[in-house]
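A closer look at the structure
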Amino acid sequence: MLTIKEASEKTEVPASTIRYYDNEGLLPFVERSENGYRMFKEEDLFWLELIGCMRATGMSIETLRHVAHLHMKGDSTLEERTKIFRDHQEKLQKQKLDIDIALDKLTKKMEILDEEKSPIKTSRI
């Protein structure tokens, strides 16, 4: 079992963020010591990292809380949890495509601007 400090060091998630996740109901499965300290199993660390990734890509606290509570209900919720993550994955793939297109356009615009800065100018917009 790992303390919050050890979990924080292993995942590079600040202890304050881990406490926030717990206070928001995202870590209902994390055990407590006799003194009330959070005690993490190795398998809890992946969830901590996943929460950070999902938050960074727009998944709501409410959705993550729902997933955590579904997890606590067991395997009968696998289908619903899979659907939540599959839907988010599809959303991210669409965003990635949009970003790739925008980056290509931006690269072309930067090339045009670089050409305009050169002594021999072309008449491109």
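Residues numbered from 1 in each chain as written. Predicted model: local features only at pLDDT ≥ 70, side-chain atom pairs only at ≥ 80, totals over all residues. Heavy atoms only, no water.

**Details of the layout of surface pockets**
For clarity, the cut-off: Using protein atoms alone on a 1 Å grid, points that fit a 1.4 Å probe yet trap it form a cavity, whereas open point sets bounded by protein on both sides within 12 Å along at least five of seven lines form a pocket; residues with an atom within 4 Å of a point count as lining. Grid points are joined across faces, edges and corners, and a volume is the space filled by probe spheres set on the points. A helix here means a DSSP run of H or I that spans at least four residues, while a strand means a run of E at least two residues long, and both kinds are numbered starting from the N terminus. When residue character is reported, Ala, Val, Leu, Ile, Met, Phe, Trp, Tyr, Cys and Pro are called nonpolar, Asp, Glu, Lys and Arg charged, and the others, Gly included, polar.
In this structure, the largest pocket spans a volume of roughly 310 Å³. Lining the largest pocket we find 14 residues, and of these Phe 29, Glu 43, Trp 47, His 71 and Arg 81 sit closest to its centre. With five residues, helix α3 (residues 42-56) is the single largest residue contributor to the lining of the largest pocket. Taken together, the residues that form the lining of the largest pocket break down as eight nonpolar, two polar and four charged.

**A few points about helix α4 (residues 61-73)**
Note the cut-off: Expected helix span is given by 1.5 Å per residue-to-residue step, counting one fewer step than there are residues. Summary of the burial criterion: residues with accessible area below 20% of their type's maximum are buried, those above 50% are exposed, and those between are partly exposed, where the area comes from a 1.4 Å probe applied to protein chains only. What makes two residues a contact is simply this: any of their non-hydrogen atoms within 4.5 Å.
Look at α4: 19 Å from first C-alpha to last across 13 residues, which is about the 18 Å you get at 1.5 Å a residue. Within the sequence span of α4, burial applies to Ile 61, Leu 64, Val 67, Ala 68 and Leu 70. Packed against the buried residues of α4 are α2 (15-23), α3 and α5 (78-117). Just past α4, the residue Gly 74 takes up positive phi, approximately 105°.

**Quick word on the packing of aromatic side chains**
The cut-off we apply is this: Stacked, tilted and edge-to-face are the three classes assigned to paired rings of Phe, Tyr and Trp, where Trp is represented by its six-membered ring and a pair needs centres within 6.5 Å; plane angles under 30 degrees give stacked, over 60 edge-to-face, the rest tilted.
Summed over all chains, the structure comprises two aromatic pairs. Ring centres of Tyr 20 and Tyr 21 lie 6.4 Å apart, and the angle between their planes is 50°; on these two criteria the pair is classed as tilted. Between Phe 29 and Trp 47, the ring centres sit 6.4 Å apart and the planes meet at 65°, which makes this aromatic pair edge-to-face. Taken together, the positions of Phe 29 in the loop between α2 and β1 (31-32) and Trp 47 in helix α3 put the pair 18 residues apart, joining distant regions of the chain. Judged by relative accessible area, Phe 29 falls into the buried class, the value being 18%.

**Points about the nonpolar core**
We count it as follows: Side-chain atoms within 4.5 Å link the members of a nonpolar core, which is a set of buried Ala, Val, Leu, Ile, Met, Phe, Trp, Tyr and Cys residues.
Judged by nonpolar contacts, the single largest core of 25 residues is most densely connected at Ile 18, Leu 27, Phe 40, Trp 47 and Leu 48. When residues of this core are traced back to their parent elements, those giving at least two are α1 (4-11), α2, α3 and α4. In terms of residues, this core owes the most to one element, α3, which gives six residues. In contact with Phe 40, not counting residues within four places along its chain, are Met 1, Leu 2, Thr 3, Ile 4, Ala 7, Ile 18, Leu 27, Val 30, Leu 45 and Leu 48.

**Notes on unusual backbone geometry**
Unusually for a residue other than glycine, Glu 12 sits at a positive phi of about 60°. In this structure, Glu 12 sits in the loop between α1 and α2.

**Some points on the environment of Glu 62**
For Glu 62, the location among the structural elements is in helix α4. Residues Glu 62 and Glu 24, 38 residues apart in the sequence, show an inter-C-alpha distance of 8.7 Å.

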